[in-house]
Amino acid sequence: MAWSIADVARMSGVTTRTLRHYDEIGLLPPAWTASNGHRHYEEAQLLRLQQILLMRELDVGLREIRAVLDSRADRVAVLREHHARLLAERERIGTLARTVARTIAELEEGEDDDTMTKINRPENLFEGFQPDPEMEAEVRERWPEAYEESRKAVEELTPETGEEWQREVTAQMIRFAEHMAAGTPADDPAVQTEVDAHYRGVCRFWTPNAEAYRGLAATYAEDPRFRANFDRVADGLADYLRAAMAVYADARLS
């Protein structure tokens, strides 16, 4: 029995875009491809996908996953190797829980005030969040030079400069939310000025072209953790930001 890529996406929760990417990098080729280009998967591929998703949950990189699956390495050894990562992740989840609890308390204190900037320390909204490993792996595969540039820039951040950057990003997201709440179109010059500042902020870490910047915008809206993060500032902010960044990419980067 064979399943289409749409069937596999529905069953596994993995997007068709990700499945196509896994095929492109040789991690999960389909059982066969029809003459119309549609990919089809059989039981062996579903089992391999299950193993991939398990290791992704353990924060194993795509290159490592492929090496493990292709070499038939001892999976128990792999699990032991990443047990420490799980313990670290448990600590990070605890930080996230405290972040959410603090934000709830601050919002409840100001629930009679409609101003979004009522939150005492808006940078708290982003404490404990990390980039999606799947997205990071995809960037590493598709744009290796950009990934290396970004990695080096992040490593150079001190705790103080990292906290300052975090505050700047959160304040900027609040300004975007204020534009959205006011009904300002995404292509309005004031919004695009803010997007330009956002782009220049991204360039501190890597320099995306139009395609990459649109891809980053799509990630903000489509990745559940990113979307929840932005929508925590204001409902719909992730979609509004994606639209504004797409306008900027078409006008300034193409």
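Above: the structure in question.
Below you will find a few notes about this structure. Remember, it's a predicted structure, so these values are computed and weren't measured experimentally.

**Digging into the overall build of the chain**
The secondary structure content of the chain amounts to 13 helices and 3 strands. Across the 254 residues of the chain, 39% fall into the buried class. Surface summary for the chain: the accessible area is close to 14500 Å², and the carbon and sulfur share equals 52%.

**A short note on the sheet that holds strand β2 (residues 32–33)**
Pairing in this open sheet of 3 strands is antiparallel, and the strands run β1-β3-β2 from one edge to the other. On the outer flanks of this sheet lie β1 (3–4) and β2, each paired with one strand and no other.

**Details of helix α4 (residues 62–71)**
Listing the buried residues of α4 in full gives Leu62, Ile65, Val68 and Leu69. Buried residues in α4, looked at end-on, bunch into an arc of 125°, giving them a common side.

**Focus on the pattern of salt bridges**
As a working rule, side chains carrying opposite charge can pair if their charged atoms are close by. Using the criterion set out here, one finds 11 salt bridges in the structure. For Asp7, the salt bridge goes to Arg10, with nearest N and O atoms at 2.8 Å. Taken as a pair, Asp7 and Arg10 lie in helix α1 (residues 5–12) at a separation of 3 residues, close to a single helical turn. Of the residues examined, Asp7 reaches a relative accessible area of 22% and is grouped as partly exposed. Residues Arg48 and Asp70 are paired through a salt bridge, measuring 3.0 Å at the closest nitrogen-oxygen approach. With Arg48 in helix α3 (residues 43–57) and Asp70 in helix α4, this pair connects stretches of sequence that are 22 residues apart. Assessed through its relative accessible area of 19%, Arg48 is described here as buried. One network of salt bridges, in which partners are shared, links Glu222, Arg227, Asp239 and Arg242.

**Things to note about helix α13 (residues 237–253)**
Helical geometry: 3.6 residues make up each α-helical turn, so side chains three or four residues apart lie on a common side. Its 17 residues give α13 an end-to-end C-alpha distance of 22 Å, which sits within 8% of 24 Å, the value for a rise of 1.5 Å per residue. Listed in full, the buried residues belonging to α13 are Leu237, Ala238, Tyr240, Leu241, Ala244, Met245, Tyr248 and Ala249.

**A short note on the nonpolar core**
Phe176, Val195, Tyr213, Phe230, Leu237 and Met245 are the most contacted members of the largest nonpolar core, which has 30 residues in total. Mapped by element, the contributors of at least two residues to this core are α9 (159–181), α10 (189–202), α11 (210–222), α12 (224–233) and α13. When residues of this core are assigned to their parent elements, the largest contribution, 8 residues, is made by α13. Those residues within four positions of Met245 in sequence are excluded, and the remaining contacts are Val195, His198, Tyr213, Leu216, Ala217 and Tyr220. Core analysis: the next-biggest nonpolar cluster, separate from the first, contains 20 residues, Trp3, Val8, Tyr41 and Val68 among them.

**A look at the packing of aromatic side chains**
Inspection of every chain in the model, using the stated rule, returns 4 aromatic pairs. Judged by centre distance (5.5 Å) and plane angle (40°), the ring pair of Tyr199 and Tyr248 falls under tilted. One end of the pair, Tyr199, is in helix α10; the other, Tyr248, is in helix α13, and 49 residues separate them in sequence. Residue Tyr199 is classed as buried on the basis of its relative accessible area, which comes to 11%. Judged by relative accessible area, Tyr248 falls into the buried class, the value being 3%. Among the aromatic residues, those joined into a cluster by ring pairs are Tyr199, Tyr213 and Tyr248.

**Considerations on the packing of α12 against α13**
Between α12 and α13, the least distance of the axes is 7 Å, while the angle of their chain directions is 105°. Between α12 and α13, the angle falls in the class roughly perpendicular. Facing α12, whose interface residues are Arg227, Phe230, Asp231 and Val233, α13 presents Leu237, Ala238, Asp239 and Leu241. Residues belonging to the contact of α12 with α13 are distributed by class as follows: 5 nonpolar, no polar and 3 charged.

What counts, and where the lines are drawn
Residues numbered from 1 in each chain as written. Predicted model: local features only at pLDDT ≥ 70, side-chain atom pairs only at ≥ 80, totals over all residues. Heavy atoms only, no water. Helix = DSSP H or I, 4+ residues; strand = E, 2+ residues; numbered from the N terminus. Buried < 20%, exposed > 50% of the residue type's maximum accessible area, 1.4 Å probe, protein only. Areas by Shrake-Rupley, 256 points an atom, 1.4 Å probe, with all protein chains shown as cover. Pairing = 2+ DSSP bridges. Arc of directions from axis to C-beta. Salt bridge = Lys/Arg side-chain N within 4 Å of Asp/Glu carboxyl O. Expected span 1.5 Å × (residues − 1). Core = buried A, V, L, I, M, F, W, Y, C linked by side-chain atoms within 4.5 Å. Contact = heavy atoms within 4.5 Å. Phe/Tyr/Trp six-rings, centres within 6.5 Å; stacked < 30°, edge-to-face > 60°. Axes fitted to C-alpha atoms, helices over the stretch in contact; angles between N-to-C directions. Parallel < 35°, antiparallel > 145°, perpendicular 65-115°, else oblique. Nonpolar A, V, L, I, M, F, W, Y, C, P; charged D, E, K, R; others polar.

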